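Here is how the chains run, residue by residue.
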Amino acid sequence: MSWGTELWDQFDNLEKHTQWGIDVLEKFIKFVKERTEIELSYAKQLRNLSKKYQPKKNSKEEEEYRYTSARAFLATLNEMNDYAGQHEVISENMTSLITGELTRYVQELKQERKSHFHDGRKAQQHIETCWKQLEASKRRFERDCKEADRAQQYFEKMDADINVTKADVEKARQQAQLRHQMAEDSKAEYSSTLQKFNSEQHDHYYTHIPHIFQKIQEMEERRIVRIGESMKTFAEVDRQVIPIIGKCLDEITKAAESIDHKNDSQLVIEAFKSGFEPPGDVEFEDFTQPMKRTVSESSLSNSRGDGKSEPKFGGKSKGKLWPFIKKNKSPKQQKEPLSHRFNEFMTSKPKIHCFRSLKRGLSLKLGAGPEDFSNLPPEQRRKKLQQKVDELNKDIQKEMDQRDALTKMKDVYIKNPQMGDAASVDHRLAELGQNIEKLRLEVQKFEGWLAEVEGRLSMRTEARRQSGLYEAQNTSAVNSCAQDRESPDGSYTEEQSQETEMKVPATDFDDEFDDEEPLPTIGTCKALYTFEGQNEGTISVAEGEMLYVIEEDKGDGWTRIRRNEDEEGYVPTSYVEVYLDKNAKGAMTYI
């Protein structure tokens, strides 16, 4: 089966067919190219999707990922990122192995096809030229034969005419002989040309054209094989990443199976356990004996009185209320102006220390928690202190590692002075020694608070195990404030419960302090770092942002700033660079 013998007369159709084959190949290349673009777009969308749901650094979301379900979801996001990478591999392999290779092959195929059909056209032109030569020789032979016949007839006519001279007859005879000779020469030439043409025609149809068509056939068959191999590569590229994609899916399944609902429940307990005991029973108040009636502070109705007595800021009770139950305001407290209530509060006996407690309560509400975490329940406070101790120990270890490295470097410089000056390291070693000493003092301070909290928790647990109930004891506001002085850590011990109740008036004031005139601007500041204010009272700032300062740092590590008339709050002082106005009156000071 050869195109040269079977399709010897289909030169034009073969030319169209081979062009169609190239068009099919180019169409397949375009198809693969669009597939690679789809794979890249899909991979990009998967990566963006995974990045969108990744937890933000230094945010509250990171704490949520201690739960097994959240960690499983995070593992799923990471595996989807790897899953997207495999689609990028598909795109890269298809581009290099199929699109790039076939594009180069198409260019070579077009050049080869052009060369073969050029040879075919050249052979056709040659045989057509031979045919034209044969036709010209044939017409010349025919013309000479006719001329010889006319010359012979003319001679015979002249020879039969008695009126014609002998000279004219001889001339006609010579002309007839000449024409006969010319006809013989044309005949010989025609015969030679015919033989030559037949030989050329035989070579054309049995040698040249079959050879050219055979090359075209081989070229077309290579094209067909090449497109088939490319289609196999197209499938193989997908098949190669299937095991890795399967591993990604297996890891997602493994992450899902690692979810432990019991463990998550235990983590919730550890995260939110306060360490308090549930409130005791509310005592019965007998109102049938007016003279012997006593008011129990544990009664919820006590907070709904007529409001004639002074507000109490402390006191113990057997039936301690839940920490999240708030006392209702009395009608008088709700209608009484803020100025009257504040004046009455300031003229009371324990004004100084109670106002300090009020200030601390306000600062806690604004998110500026104390250093010893005394604003937290005992169990949570213990965890925070333990975490702080661990962090400080890690910092100490880092500083010690740096000191050891610099000590070794100094020894090397002493032994080999050409490598460096040993004295240049002394200043840094001194700094590291000071830093280590400071960190150790910090560790001792936090370990002291931690030991105090753990001691109180163990003592409370033992006391409640033996008694089971709290003894009721009423104390005055002065005792409450005095106990606040005696326990500066402000932890949630028995004394802390008094301070908590004492802050109820402060909560009442919070609702009306919002109506005060805005504080004047005392300077400007520039944000050195980005701060995301998560707590109430704080404000988010971006690195490089310029804002207004309305209150300086009072020693608690927070500065109050304002962005515009509606946005103000606290930011860590270490996050901003403050430029105070010397002509400003200064920030508000507390007693």
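Residues numbered from 1 in each chain as written. Predicted model: local features only at pLDDT ≥ 70, side-chain atom pairs only at ≥ 80, totals over all residues. Heavy atoms only, no water.

**Here we look at the confidence of the model for the protein**
To keep things clear, this is the line we draw: A score between 0 and 100, pLDDT records how confident the predictor is in each residue. To qualify as a helix, a DSSP run of H or I must reach at least 4 residues; to qualify as a strand, a run of E must reach at least 2; elements of each kind are numbered from the N terminus. In this description, contact between two residues means that some pair of their heavy atoms is separated by no more than 4.5 Å.
Scored by pLDDT, the protein has a mean of 77; 74% of the residues are at 70 or more. Looking over the protein, one finds the lowest element-wise mean pLDDT in helix α12 (residues 477-486), namely 38, and the highest in helix α2 (residues 11-52), namely 94. Counted against residues more than four places away or in other chains, residues 467-515, with its pLDDT under 50, gives 105 contacts.

**Some remarks on the sheet that holds strand β5 (residues 576-580)**
The following threshold applies: At least two DSSP bridges between two strands are required for those strands to pair. For every element, the axis is a line fit to its C-alpha atoms; helices are fit only across the contacting stretch, and the angle between N-to-C directions ranges from 0 to 180 degrees.
Spatial strand order, β4-β3-β2-β1-β5: 5 strands in an open sheet with antiparallel pairing. The sheet terminates laterally at β4 (568-572) and β5, the two strands that pair on one side only. Going across the sheet, the axis of each strand differs from the next one's by a mean of 40°, ignoring polarity. Judged from the 4 bridges that link them, strand β1 (residues 523-527) and strand β2 (residues 546-551) form a sheet pairing that is antiparallel. When the bridges of β2 are listed, cysteine 525 appears paired with leucine 547.

**Details of the packing of aromatic side chains**
We count it as follows: Aromatic rings from Phe, Tyr and Trp, with only the six-membered ring used for Trp, were paired whenever their centres fell within 6.5 Å, and each pair was classed as stacked if the ring planes differed by under 30 degrees, edge-to-face if by over 60, and tilted otherwise.
Per the counting criterion, the structure on display carries 12 aromatic pairs. Summarising the aromatic geometry, the rings of tryptophan 8 and tyrosine 205 are spaced 5.2 Å apart at their centres and angled 90° between planes, so their arrangement reads as edge-to-face. Of the two residues, tryptophan 8 sits in the loop between α1 (3-6) and α2 while tyrosine 205 sits in helix α5 (residues 166-257), which places them 197 residues apart along the sequence. Ring geometry for tyrosine 53 and phenylalanine 73: centres 6.5 Å apart, planes at 75°, overall edge-to-face. Pair noted here: tyrosine 53 is in the loop between α2 and α3 (60-64) and phenylalanine 73 is in helix α4 (residues 68-160), with a separation of 20 residues, a long-range link.

**With respect to the pattern of salt bridges**
Which entries qualify depends on this criterion: A side-chain nitrogen of Lys or Arg and a carboxyl oxygen of Asp or Glu constitute a salt bridge if their distance falls within 4 Å. Burial classification: accessible surface area is computed with a 1.4 Å probe over protein chains only, and a residue below 20% of its type maximum counts as buried, one above 50% as exposed, and the rest as partly exposed.
Scanning all chains against the criterion turns up 23 salt bridges. Of the charged contacts in the structure, one is a salt bridge between arginine 121 and glutamate 15, with a shortest N-O distance of 2.1 Å. Linking arginine 121 in helix α4 with glutamate 15 in helix α2, this pair joins segments that are 106 residues apart in sequence. Taking the relative accessible area as the measure of exposure, arginine 121 reaches 35% and is therefore partly exposed. For lysine 146, the salt bridge goes to glutamate 142, with nearest N and O atoms at 3.5 Å. Highlighted residues: lysine 146 and glutamate 142, both in helix α4, separated by 4 residues, approximately one helical turn. Each of Glu551, Arg560, Arg562 and Glu568 takes part in a single network of salt bridges with overlapping partners.

**A word on the pairing of strand β3 (residues 558-562)**
Most of β3 is tucked away, with 4 of its 5 residues classed as buried. Taken together, the 3 bridges between β2 and β3 define a ladder with antiparallel strand orientation. Directly across from tyrosine 548, in β3, lies its bridge partner arginine 562. Counting the residues between successive antiparallel strands, the hairpin from β2 to β3 contains 6 residues, one of them, glycine 555, with a positive phi of roughly 100°. Where β3 and β4 come together, 5 bridges link them in antiparallel fashion. Bridge assignment links arginine 560 to a residue of β4, and that residue is tyrosine 570. In this structure, the hairpin formed by β3 and β4 is closed by a connection of 5 residues.

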